[in-house]
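Each chain, written out:
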Amino acid sequence: MSEEGCKNIKGNASQYYVAAELSRRGMVAAVTLGNCPNTDILCSDPEGKHFAHVQVKTFQVGNKKCAVGKKAERDYSSRFFWVLVGIPSDLTSAPIYYIIPARVMARHVSASFKVWLAKDGKHGPHDPKNPFRAVRVPPHRNLDRWSIKKYEGRWDLVEKKLVSKARHGS
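Quick caveat: nothing in here was measured; it's all calculated off a predicted structure. (Residues numbered from 1 in each chain as written. Predicted model: local features only at pLDDT ≥ 70, side-chain atom pairs only at ≥ 80, totals over all residues. Heavy atoms only, no water.)

Draft legend 1. Local environment of the packing of aromatic side chains. A full pass over the atoms with the stated rule returns six aromatic pairs. A ring pair is formed by Phe80 and Trp82, whose centres lie 6.0 Å apart and whose planes are at 65°; its orientation type is edge-to-face. For the residue pair Phe80 and Trp82, the accessibility class agrees, reading buried in each case. Among the aromatic residues, those joined into a ring-pair cluster are Tyr76, Phe80 and Trp82. Cation over ring: Arg133 sits above Phe113, and NZ or CZ is 3.4 Å from the ring centre. (Phe/Tyr/Trp six-rings, centres within 6.5 Å; stacked < 30°, edge-to-face > 60°. Buried < 20%, exposed > 50% of the residue type's maximum accessible area, 1.4 Å probe, protein only. Lys NZ or Arg CZ within 6 Å of the ring centre and 35° of its normal.)

Draft legend 2. Region of the structure containing the environment of Glu21. Relative to the assigned elements, Glu21 resides in helix α1 (residues 3-24). Exposure remark for Glu21: the relative accessible area of 15% places this residue in the buried category. Through-space distance from the C-alpha of Glu21 to that of Leu143 is 30 Å; in sequence the pair is 122 residues apart. Other than its neighbours up to four places away in sequence, Glu21 contacts Tyr97 and Trp155. (Helix = DSSP H or I, 4+ residues; strand = E, 2+ residues; numbered from the N terminus. Contact = heavy atoms within 4.5 Å.)

Draft legend 3. Looking closely at the pattern of salt bridges. Counted by the stated rule, this structure contains seven salt bridges. The residue Arg154 makes a salt bridge to Asp156 at a minimum N-O spacing of 2.8 Å. Classification of Arg154 by relative accessible area gives partly exposed; the value is 27%. Its relative accessible area of 24% is what places Asp156 among the partly exposed residues. One continuous salt-bridge network, built from bridges that share partners, spans Glu21, Arg24 and Arg25. (Salt bridge = Lys/Arg side-chain N within 4 Å of Asp/Glu carboxyl O.)

Draft legend 4. Geometry of the nonpolar core. The biggest cluster of nonpolar side chains holds 38 residues, and the ones touching the most others in it are Val18, Leu22, Leu84, Ile100, Met105 and Val158. When contributions to this core are tallied by element, the ones reaching two or more residues are α1, β2 (41-44), β3 (51-60), β5 (80-87), β6 (96-101), α2 (102-118) and α3 (156-162). Apart from the residues within four sequence positions on either side, Val18 is in contact with Ile41, Val54, Val56, Val83, Val85, Tyr97 and Trp155. (Core = buried A, V, L, I, M, F, W, Y, C linked by side-chain atoms within 4.5 Å.)

Draft legend 5. Highlighting the confidence of the model for the protein chain. Summary statistics for the protein chain give a mean pLDDT of 90 and a share of 92% for residues scoring 70 or more. Put simply, α1 is where the protein chain has its lowest mean pLDDT, 85, and β6 is where it has its highest, 98. A low-confidence stretch, residues 165-170 (pLDDT under 50), is modelled with seven contacts involving residues beyond four sequence positions or located in other chains. (pLDDT = per-residue confidence, 0-100.)

Draft legend 6. Quick look at the state of the cysteines. Applying the stated criterion to the full structure yields zero disulfides. Between Cys36, a free cysteine, and Cys43, which holds the nearest cysteine sulfur, the sulfur-to-sulfur gap is 14 Å. (Disulfide = S-S within 2.5 Å.)

Draft legend 7. Summary view of the sheet that holds β6. Sheet architecture is open: five strands sit in the order β1-β2-β3-β5-β6, paired in mixed fashion. For this open sheet the edge positions go to β1 (28-31) and β6, each flanked by a neighbour on one side alone. Direction aside, the axes of adjacent strands within the sheet are offset by 25° on average. Alignment of β1 against β2, held across four bridges, turns out to be antiparallel. Paired with Ala30 across the bridge in β2 is Leu42. The strands touched by α2 are β5 and β6; relative to β6, the strand with the most contacts, the crossing angle is about 90°. (Pairing = 2+ DSSP bridges. Axes fitted to C-alpha atoms, helices over the stretch in contact; angles between N-to-C directions.)

Right under this line is the structure:
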């Protein structure tokens, strides 16, 4: 199988891994199958009253970065999350999940890109039109010194957006 084909399979698997984790926690998760440009998974509470959008990106555990693209610089809303899924090469190990609010992702991806632009590359100045954006994964820090480690396994961030106010008396 080609490297591109293998990449697509891992990306699809990541979306289903995330949907399964959300469902396991009592949320309703619908994989959009590429039919929504900025949402891989539409998530709601069981009553369908509160929604969240999830964009999934995949990386190989052991790699330094996870490619996220230029759209990671956009703060979509407080109900939008990025989930970076680390797929281990050892098939007996579980994936690693980083659940990052869009506002946090946008701020740090933009800041890291600005740091990258300020430095020259091997062949001179970096191109400000370059659409590539990436997040460095632990143990590495991003160019703005941010680490995503504190977002590992933070499914509670999505859950809080979906909890019915009536269930919590507020």
